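Coordinates in review
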Amino acid sequence: MKEKDRKFYLASVTDRFVRGQMDRRSFLRTAGTLGLGATALGMGFGSRPFGVSRALAQEQLEPSAEVISWLKDVAKPFAGTTLKLATESTPPSNAINSQLKKYFEEATGIRVEIEVLPLEQVLQKLTLDVASSLGSYDLYYIDQSWSASFSQDVFDPREQLQEKPDLAMPNYNIDDFMPALVDGIAKYEDRWVGVPYDIPIFIMIYRKDIYEKLGLKAPATFEDLLNNSVTITKEMGPNLYGYAGQMKSGHYALECEWTSMLWGNGGSIFNADKKFVGNDERGIAALDYYTKLKETMPPGVDQWTWDGQGQAIAQGVAASMLSWGEFFPYFDDASQTKVSGLCEAVVPPQPVALRKPEECGYGEIPGTGHQGGSSLAVSRYSKSPDAAWIFMQWATCADTQALITTLGGGTGPTRASVYETRRPSSPRSAAVPAPPAPLSMTTRASRQMPASAPARPATCRSSARPSTNIWARSRTCRNGPSCRAIQFPWASASTSPAATAPPRKRWTTSPLRSRPC
């Protein structure tokens, strides 16, 4: 299929899916054959529950005088321009749209329209814009699972810096973006598909008051986590359980948690020959561990995504979780939770064993800090690419990321230098507190144990019927006889469609299905 035809077809099926004219499974299968990591989509399972800190939103946080001065000077030729961006609800997008955008617009005379949408609608608008080449959107929010599909439709920021030196922000320093995030989020082959924009990553969050009451220490290993969870459930259940999971069959949340358990027990999804090995000896050990851990979780956990998991902690139903660090500021909000001031964060547990990336396939990077993310890029079809480039530099510079980090209550920035910044530089906010302690855990997890799911597994099809076994038998498909499916013990074949969906990962098809891929 020609590239132009592929883009039009992808745009068509995405539009049909969002309009309800195509079922989810058919969409995932079709999009997979077109090379899109469509399983990164939220698909109506709820948006990320992270926004701007209410207290800090009252503060007059603003860009530094040096940044404002540069914006006023460089943007003069583009005053009156309107830029458009469609984005998922993320801490950077929410902070920029609600609190910071006004400073950019006042300094430049450039109007910025930001549409905050469910991720499947972001993909819909992106694919239609790319297929038509209309340039309706000047900047693209690109989930890391889409980088391969749209790598040729955006400018490589290194090229923009080289070719437009007169528009380059002083001290923008593209090398300041953390290398692991560039490789895992914003790069496909030898091209940068924008710059790292958003970085959710797993950290360990636990109730320090409960742990102290029972004489427990923060879990340093997976064995510690299981033993602590068993003790808490035994001593305090059914009012309080040891652990909260995200185990909803058919949702990407299950894949996120399962892979952390898999990688943490020495397994991987693929081997170096690009064969699925999630059900080898280490994979079975991981599933056994995960099943034991489930016994310490509240009833109904197999219906929870990360939203249910987070609410279990927030409402005092469970005492720990291995999940997105972005939850932590929410837990400290006394107006919304029962655990304000009671939670502590540490890095994810050390793995029992860990496979090396070269032992895996499709760019898989095993680790216990499951990482998601997105990049921000300028569209090649934009009618105002220079103005868009100015905005992109401002939105991702260290000064703006420091402001976002404060407004977001400690959400992880993508620049190394921002982790070392104690507070944003602002003449009106000298008393703004330093980012909270969990930020240091996000830093360590991002640098020491980031994990990324495979980039582009080959698609395959099979007419075999769903299996009700824990481990499905081998079947013949284009991936060969080692392509197997996983059936989790708590999921029935009738309720376990492809466990693929929401924000942030890199599947075209997933092994977490009730039938072979």
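What comes next concerns the included structure.

What counts and what doesn't
Residues numbered from 1 in each chain as written. Predicted model: local features only at pLDDT ≥ 70, side-chain atom pairs only at ≥ 80, totals over all residues. Heavy atoms only, no water. Helix = DSSP H or I, 4+ residues; strand = E, 2+ residues; numbered from the N terminus. Buried < 20%, exposed > 50% of the residue type's maximum accessible area, 1.4 Å probe, protein only. Contact = heavy atoms within 4.5 Å. Areas by Shrake-Rupley, 256 points an atom, 1.4 Å probe, with all protein chains shown as cover. Axes fitted to C-alpha atoms, helices over the stretch in contact; angles between N-to-C directions. Parallel < 35°, antiparallel > 145°, perpendicular 65-115°, else oblique. Nonpolar A, V, L, I, M, F, W, Y, C, P; charged D, E, K, R; others polar. Pairing = 2+ DSSP bridges. Expected span 1.5 Å × (residues − 1). 1 Å grid on protein atoms, 1.4 Å probe; cavity = no way out; pocket = protein on both sides within 12 Å on 5 of 7 lines; lining within 4 Å. Points joined across faces, edges and corners; volume = space filled by probe spheres on them. Phe/Tyr/Trp six-rings, centres within 6.5 Å; stacked < 30°, edge-to-face > 60°.

1. Examining the overall build of the protein
On a plain count of helices and strands, the protein comes out with 18 helices and 12 strands. Across the 517 residues of the protein, 62% fall into the buried class. Looking at the protein alone, contacts between residues at least 24 apart form 76% of all its contacts between residues at least 6 apart. Carbon and sulfur atoms make up 48% of the accessible area of the protein, which totals about 19,500 Å².

2. Side note on the packing of helix H4 (residues 65–74) against helix H5 (residues 91–108)
Angle between the axes and distance between the axes are the two parameters that describe a pair of packed helices. The geometry of H4 relative to H5 is characterised by a closest axis approach of 8 Å and an angle of 45° between their N-to-C directions. When the axes of H4 and H5 are compared, the pair comes out oblique. Of the residues in H5, those in contact with Ile68, Leu71 and Lys72 of H4 are Tyr103, Phe104, Ala107 and Thr108. Taken together, the residues that form the contact of H4 with H5 break down as five nonpolar, one polar and one charged.

3. Observations regarding the sheet that holds strand E9 (residues 343–346)
Pairing is antiparallel in the open sheet, where three strands are placed in the order E8-E7-E9. Unpaired on one side and paired on the other, strand E8 (320–324) and E9 mark the two borders of the sheet. With strand direction ignored, the average angle separating the axes of adjacent strands in the sheet is 30°. Where strand E7 (residues 202–207) lies against E9, four bridges are found, and the strand directions are antiparallel. Across the sheet, the residue bridging to Arg207 is Cys343, located in E9.

4. Overview of helix H6 (residues 119–132)
In this model H6 runs 20 Å from its N-terminal to its C-terminal C-alpha over 14 residues, within 8% of the 20 Å that 1.5 Å per residue would give. The buried fraction of H6 is high, at 10 of 14 residues. Buried within H6 are the following residues: Leu119, Glu120, Val122, Leu123, Gln124, Leu126, Thr127, Asp129, Val130 and Ala131. Of the residues trailing H6, Ser133 is marked for its positive phi of about 60°.

5. What about the sheet that holds strand E2 (residues 111–116)?
The strand order across the open sheet formed by five strands is E2-E1-E3-E11-E6, and the pairing between neighbours is mixed. Edge positions in the open sheet fall to E2 and strand E6 (195–198), since each of these has one partner strand only. Strand after strand, the sheet turns through a mean of 25° between neighbouring axes, direction not considered. Along the sheet, H5 contacts strand E1 (82–87), E2 and E6; its crossing angle with E2, the most-contacted strand, is approximately 165°.

6. Some words on empty space enclosed by the protein
Under the defined criterion, the tally for this structure stands at 10 cavities of 30 Å³ or more. Pro92, Tyr197, Gln401, Ile404 and Pro413 are, among the 12 residues lining the largest cavity, the residues nearest its centre. For the lining of the largest cavity, the element with the most residues is helix H17 (residues 398–407), which contributes three residues. Partitioned by chemical class, the residues of the lining of the largest cavity number six nonpolar, five polar and one charged.

7. Some thoughts on the environment of Pro157
Position of Pro157 relative to the elements: it lies in helix H8 (residues 157–163). A residue is classified by how much of its surface remains accessible, and Pro157, at 0% relative accessible area, is buried. Separated by 220 residues in the primary sequence, Pro157 and Ala377 place their C-alpha atoms 7.7 Å from one another. Beyond its immediate chain neighbours, meaning those up to four positions away, Pro157 contacts Ile174, Trp192, Gly194, Val195, Trp389 and Met392.

8. Quick word on the packing of aromatic side chains
Here the structure, examined in full by the defined rule, presents 14 aromatic pairs. Judged by centre distance (6.2 Å) and plane angle (85°), the rings of Tyr141 and Tyr197 are edge-to-face. Here Tyr197 lies in strand E6 and Tyr141 lies in strand E3 (residues 139–143), a separation of 56 residues in the sequence. A residue is classified by how much of its surface remains accessible, and Tyr197, at 6% relative accessible area, is buried. When the centroid spacing of 5.1 Å and the interplanar angle of 75° are considered together, the rings of Phe270 and Tyr362 count as edge-to-face. Of the two residues, Phe270 sits in the loop between helix H12 (252–264) and helix H13 (281–294) while Tyr362 sits in the loop between E9 and strand E10 (369–370), which places them 92 residues apart along the sequence. Residue Phe270 shares its accessibility class with Tyr362, and that shared class is buried.

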